[in-house]
Amino acid sequence: MKLSHFQFNLPKELLAEFPAENRDESRLMVIDRQKQTIEHKMFKDVINYFDDGDVLILNNTKVFPARLYGNKEKTGARIEVFLLRELNSEQRLWDVLVDPARKIRIGNKLYFGDDDSLVAEVIDNTTSRGRTLRFLYDGSYEEFRNKLTELGETPIPKYINREVTAEDAERYQTIYAKEEGAVAAPTAGLHFSKHLLKKLEIKGVNFAEVTLHVGLGTFNPVEVEDLSKHKMDSEELIIKQEACDIVNAAKVAKKRICAVGTTSMRAIESSVSSQNTLNPYEGWTNKFIFPPHDFSIANCMITNFHTPKSTLLMMISAFCGHDLMKKAYEEAIKEGYKFYSYGDAMLIL
């Protein structure tokens with residue numbers, strides 16, 4: 001498979017700028033790989049495809065307000081700082097992206113907040129837009145993190161061409177988000193309402209939680225024609241024994257095991273034992289799933305509609321089968337399904 005297989009024309013108006021009014025009332029395309037069929041439903045109908053003992057694997061990462069705006073010393077130029085990851089909590093070192101980058105050099109200071117109560121010094125260049133910042137703040141580590149939260153805003157994707165609203169802070173977060181560390185939401189999970197999760201629980205569906213802190217690299221379009229040459233950014237991953245026990249028991253019982261989102265799928269495929277069971281894991285993963293790929297754990301997945309040439313689309317191709325995925329995407333565009341983070345969903349059986 002080559003990069004060119006993943007190019008398609010996506011009309012701009014199909015990029016979702018706002019979420020559906022209610023989480024579980026987005027549209028749902030149901031794809032049956034065995035029967036090669038495509039059906040159109042509402043997301044809340046997902047409950048009809050799961051029974052007692054089936055498992056949903058959820059990524060419980062929590063998005064933190066990663067986008068800050070500061071002013072450069074002397075010139076006062078407004079600079080966007082996007083926090084990627086904390087490198088050292090004692091020294092308050094962070095890996096960030098800056099925009100516009102050409103103005104930001106080693107030794108520059110940036111000031112944040114109306115009262116300049118938070119200052120950062122640039123101590124290294126990492127990539128063309130990447131920098132290492134040391135934050136200077138009078139206060140404990142907890143107070144410093146609270147300050148970042150206060151000054152930061154929800155990092156909705158760049159393609160959403162509008163100001164961030166108060167609603168985004170809630171809606172760009174799954175309702176089961178617990179472990180803070182992502183700079184982008186695991187978007188397939190955004191469709192689950194409290195009510196829908198409760199109904200699934202009453203039906204006897206089990207939930208296995210994993211944590212994959214989604215980085216920006218997830219969204220980087222692939223730029224090499226030979227997919228095996230693409231390098232994924234590493235993301236932090238934690239899979240606990242409890243989740244493994246739930247998943248492996250369902251595997252033995254031949255139940256439906258559904259990865260909710262590409263991040264959950266990447267998480268579990270990063271930690272498979274030689275017996276094709278799920279192992280606990282704590283560390284980093286840069287797993288890139290593209291066709292052909294044998295999936296070891298999940299036999300079902302829920303995902304959003306992805307953009308051309310994205311690694312996410314390549315995973316769906318590997319799981320769904322390329323021709324069926326292409327057919328589904330053509331139908332989605334024809335039927336006006338919404339794409340990307342706030343878009344509609346797909347259930348692949």
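Right above here is the structure, for reference.
This structure is a prediction, so every number in the text was calculated from the model and none was measured. (Residues numbered from 1 in each chain as written. Predicted model: local features only at pLDDT ≥ 70, side-chain atom pairs only at ≥ 80, totals over all residues. Heavy atoms only, no water.)

(A) Representation of empty space enclosed by the protein. Enumeration according to the criterion identifies four cavities of 30 Å³ or more in this entry. Looking at the largest cavity, its volume works out to about 140 Å³. As for the largest cavity, its lining consists of 16 residues, of which A185, T187, T262, H306 and L312 are closest to the centre. Of all elements in the fold, only helix 5 (262–269) and strand 16 (300–304) reach the threshold of two or more residues within the lining of the largest cavity. Considered class by class, the residues forming the lining of the largest cavity number seven nonpolar, nine polar and no charged. As a volume, the second largest cavity reaches approximately 80 Å³. In terms of lining, the second largest cavity is formed by P19, A20, R23, S26, R171, L190, H191, S341, Y342 and G343. (1 Å grid on protein atoms, 1.4 Å probe; cavity = no way out; pocket = protein on both sides within 12 Å on 5 of 7 lines; lining within 4 Å. Points joined across faces, edges and corners; volume = space filled by probe spheres on them. Helix = DSSP H or I, 4+ residues; strand = E, 2+ residues; numbered from the N terminus. Nonpolar A, V, L, I, M, F, W, Y, C, P; charged D, E, K, R; others polar.)

(B) Representation of the packing of aromatic side chains in the model. Applying the stated rule across the entire model yields 16 aromatic pairs. Each ring, one from F8 and one from Y329, has its centre 5.5 Å from the other, and the planes form 75 degrees; the classification is edge-to-face. Here F8, found in the segment before strand 1 (27–32), pairs with Y329, found in helix 7 (residues 322–335); they are 321 residues apart in sequence, far enough to count as distant. An identical accessibility class is assigned to F8 and Y329; each is buried. A cation over an aromatic ring shows up here: R162 above the ring of F18, its NZ or CZ 4.1 Å from the ring centre. (Phe/Tyr/Trp six-rings, centres within 6.5 Å; stacked < 30°, edge-to-face > 60°. Buried < 20%, exposed > 50% of the residue type's maximum accessible area, 1.4 Å probe, protein only. Lys NZ or Arg CZ within 6 Å of the ring centre and 35° of its normal.)

(C) Quick look at helix 5. Burial within helix 5 is extensive, with eight of its eight residues counted as buried. Along helix 5, the positions that sit buried rather than exposed are T262, T263, S264, M265, R266, A267, I268 and E269. Against the buried residues of helix 5 lie strand 3 (55–59), strand 12 (206–212), strand 13 (235–239), strand 14 (257–260), strand 16 and helix 6 (311–320). (Contact = heavy atoms within 4.5 Å.)

(D) Main features of the packing of helix 6 against helix 7. In the contact formed by helix 6 and helix 7, the axes pass within 7 Å of each other and the chain directions differ by 120 degrees. Between helix 6 and helix 7, the angle is such that the two are oblique. Counting all contacts with helix 6, which are made through L313, I316, S317 and C320, the residues of helix 7 involved are H322, L324, M325 and Y329. For the contact of helix 6 with helix 7, the class distribution of residues is six nonpolar, two polar and no charged. (Axes fitted to C-alpha atoms, helices over the stretch in contact; angles between N-to-C directions. Parallel < 35°, antiparallel > 145°, perpendicular 65-115°, else oblique.)

(E) Focus on the pattern of salt bridges. With the rule as written, the count across this model stands at twelve salt bridges. Between R67 and E80 there is a salt bridge, with the nearest N and O atoms lying 3.3 Å from each other. Taken together, the positions of R67 in strand 5 (residues 67–72) and E80 in strand 6 (residues 78–88) put the pair 13 residues apart, joining distant regions of the chain. Given a relative accessible area of 7%, R67 falls into the buried group. (Salt bridge = Lys/Arg side-chain N within 4 Å of Asp/Glu carboxyl O.)

(F) Structural detail: the sheet that holds strand 7 (residues 93–99). With antiparallel pairing, six strands are arranged side by side around a closed barrel as 5-6-7-10-9-8. The sheet shows a mean angle of 45 degrees between the axes of neighbouring strands, direction not considered. The pairing of strand 7 with strand 10 (residues 130–136) spans five bridges and is classified as antiparallel. Residue D95 lies in a different strand from strand 10, and its bridge partner there is T132. Across the sheet, helix 1 (residues 141–151) touches strand 5, strand 6, strand 7, strand 8 (109–112), strand 9 (118–125) and strand 10, and the angle it forms with strand 9 is around 90 degrees. (Pairing = 2+ DSSP bridges.)

(G) Seen up close, the packing of helix 5 against helix 6. The interhelical angle for the contact between helix 5 and helix 6, taken along N-to-C directions, is 70 degrees, at an axis separation of 11 Å. In terms of orientation, helix 5 lies roughly perpendicular with respect to helix 6. Seen from above, helix 5 lies across helix 6 with left-handed handedness. Side by side, helix 5 and helix 6 meet where T262, M265 and R266 of the first sit next to L312, M315, I316 and F319 of the second. Looking at the contact of helix 5 with helix 6 residue by residue, the class counts come to five nonpolar, one polar and one charged. (Left-handed = near helix turned anticlockwise from the far one by under 90°.)

(H) Representation of unusual backbone geometry. Across the junction of D99 and P100, the peptide omega takes the value -5 degrees, indicating a cis bond. Along the chain, P100 turns up in the loop between strand 7 and strand 8. Cis peptide bonds are those with omega within 30 degrees of zero, and the linkage from P291 to P292 qualifies with -5 degrees. Topologically, P292 is positioned in the loop between strand 15 (281–285) and strand 16.

(I) Summary view of the environment of F135. Here F135 is to be found in strand 10. Between the alpha carbons of F135 and N71 there is a distance of 14 Å; along the sequence they are 64 residues apart. In this structure, F135 is in contact with L68, L83, Q91, R92, W94, F112, L118, V119, A120, F144 and L148, ignoring residues within four places of it in sequence.

(J) Here's a closer look at the sheet that holds strand 16. The strand order across the open sheet formed by nine strands is 2-1-17-16-14-3-12-13-15, and the pairing between neighbours is mixed. Looking at strand neighbours, the two that pair on one side only are strand 2 (37–42) and strand 15, the edges of this open sheet. Recorded for the sheet is a direction-independent mean angle of 20 degrees between the axes of neighbouring strands. In terms of strand pairing, strand 16 meets strand 17 (residues 345–348) through four bridges, oriented antiparallel. Paired with M301 across the bridge in strand 17 is I348.

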